[in-house]
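Structural features, examined
The primary structure of each chain is shown beneath.
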Amino acid sequence: MTDTPAPPTEHVLTLDCPEAPGIVHEVSRFLVEHGCDIVDNQQFGDRRGGHFFMRIRFSATGGEDTGDTLRRDFAAVAAPFAMNWRLEPAGTRRRVLIMVSRYDHCLNDLLFRARSGDLPVDVVAVVSNHRDHEALADWYGIPYFHVPVTAATKAAAEERLLEIVAEREAELVVLARYMQVLSDDLCTRLAGRVINIHHSFLPSFKGAKPYHQAYEHGVKVVGATAHYVTADLDEGPIIAQEVIGVDHTHTPEDLVAVGRDVERAALVKAVRWHCEGRVIVHGRRTVVLH
Ligand SMILES: Nc1nc2c(c(=O)[nH]1)N[C@@H](CN(C=O)c1ccc(C(=O)N[C@@H](CCC(=O)O)C(=O)O)cc1)CN2
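Just so we're clear, the structure is a prediction, and the values are computed from it rather than from any experiment.

**Here we look at the pattern of salt bridges**
In total, this model carries 25 salt bridges according to the counting rule given. A salt bridge links Arg93 to Asp122; its shortest N-O distance comes to 2.9 Å. Of this pair, Arg93 sits in the loop between β4 (84–89) and β5 (94–100) while Asp122 sits in strand β6 (residues 121–128); the two residues are 29 residues apart in sequence, bridging distant segments of the chain. Classification of Asp122 by relative accessible area gives partly exposed; the value is 32%.

Here it is in structure tokens:
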């Protein structure tokens with residue numbers, strides 16, 4: 001009886017390292033020697049900073065332990081270049097916990113896109129400091145956690161959040177208009193795993209009421225910024241930004257309304273790119289290979 005060969009599997013290798021001769025050569029040789037076929041490749045050599053970034057999607061033959069074999073063998077290629085790298089199955093669905101306060105337009109959009117398969121994510125929990133959106137989470141069959149936050153309860157609320165992240169095995173936390181500032185300790189413990197949507201074109205109009213600030217300045221463009229969360233409010237590495245034209249006829253309330261579209265658009269891009277392993281943080285900036 002002939003063994004039918006296992007179907008090829010697809011994987012994504014994302015790496016960055018100090019610029020050096022031979023990086024692409026060594027990576028390509030590794031893939032050829034392991035019978036792999038490159039499907040898609042993006043790279044960026046930062047001449048100014050002397051750093052190199054690459055994302056390769058490739059197909060591989062071999063059984064279910066192919067990924068482990070590739071990871072074991074690639075370590076020897078990576079070490080001489082001092083690479084930061086990860087090699088994961090392509091199309092991996094990420095386990096995402098969404099945090100929200102009163103405004104639900106970003107929550108709604110993410111839940112719909114996750115359910116429709118547009119985003120490679122499984123939403124494993126919705127956490128909020130209000131009860132407003134419990135029915136929506138129930139409708140999607142997603143656990144809803146009400147975690148009120150006051151100055152007195154903030155530490156306990158953040159410990160409860162970390163418990164939920166662990167219980168639900170969340171890989172990514174998305175602040176989908178969650179209007180509480182996370183503590184330095186929480187930002188450190190979830191470093192690189194929290195994406196926030198800020199409702200302005202950063203670095204303009206930081207803080208809680210950017211549309212009113214924008215109105216007072218008479219801007220002709222408003223925007224939204226999706227960024228990784230750090231202890232420094234609204235300062236985290238930017239992943240995606242979107243803008244839309246406005247004019248003197250827009251009241252602050254109008255700016256809030258048109259802003260919803262750019263908030264949704266920026267956040268979904270950032271979540272998709274993060275989940276597809278396209279975003280590499282380098283200092284306070286990101287390189288997005290898309
Ligand atoms: N450590 C961080 N935490 C959070 C960030 C961040 O960048 N770093 N982003 C915010 C979201 N956000 C703007 O995008 C934002 C949210 C809230 C505030 C704010 O001043 N909140 C007040 C309370 C407001 C209220 O209760 O409605 C406060 O916390 O005292 C500013 C900006 C999410 N967290």
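**Description of the site of the ligand**
The local shell around the ligand holds 18 residues, among which Gln180, Leu182, Asn196, His198 and Asp234 are the closest. Backbone polar atom of Met179 to a nitrogen atom of the ligand: 3.4 Å apart, as the coordinates give it. At a separation of 3.0 Å, a nitrogen atom of the ligand approaches a polar backbone atom of Leu182. Considering each element in turn, the shell around the ligand owes the most residues, three residues, to strand β9 (residues 194–198). Tallied by class, the residues present in the shell around the ligand amount to eleven nonpolar, six polar and one charged.

**Quick notes on the UniProt feature "active site" (unreviewed entry) in the protein chain**
Mapped onto this structure's residue numbering, the UniProt feature "active site" (unreviewed entry) falls at Asp234. Among the secondary structure elements, Asp234 is positioned in the loop between β10 (221–228) and β11 (238–245). Not counting residues up to four positions away in its chain, the partners in contact with Asp234 are His198, Leu202, Lys206, Gly207 and His227. Within polar-contact distance, the side chain of Asp234 engages the side chain of His198 at 3.4 Å.

Cut-offs used in this document
Residues numbered from 1 in each chain as written. Predicted model: local features only at pLDDT ≥ 70, side-chain atom pairs only at ≥ 80, totals over all residues. Heavy atoms only, no water. Salt bridge = Lys/Arg side-chain N within 4 Å of Asp/Glu carboxyl O. Helix = DSSP H or I, 4+ residues; strand = E, 2+ residues; numbered from the N terminus. Buried < 20%, exposed > 50% of the residue type's maximum accessible area, 1.4 Å probe, protein only. Near = heavy atom within 4 Å. Polar contact = N/O pair within 3.5 Å; in protein donor to acceptor, adjacent residues only side chain to side chain. Nonpolar A, V, L, I, M, F, W, Y, C, P; charged D, E, K, R; others polar. UniProt positions renumbered as here; feature names shortened; annotations may be inferred. Contact = heavy atoms within 4.5 Å.

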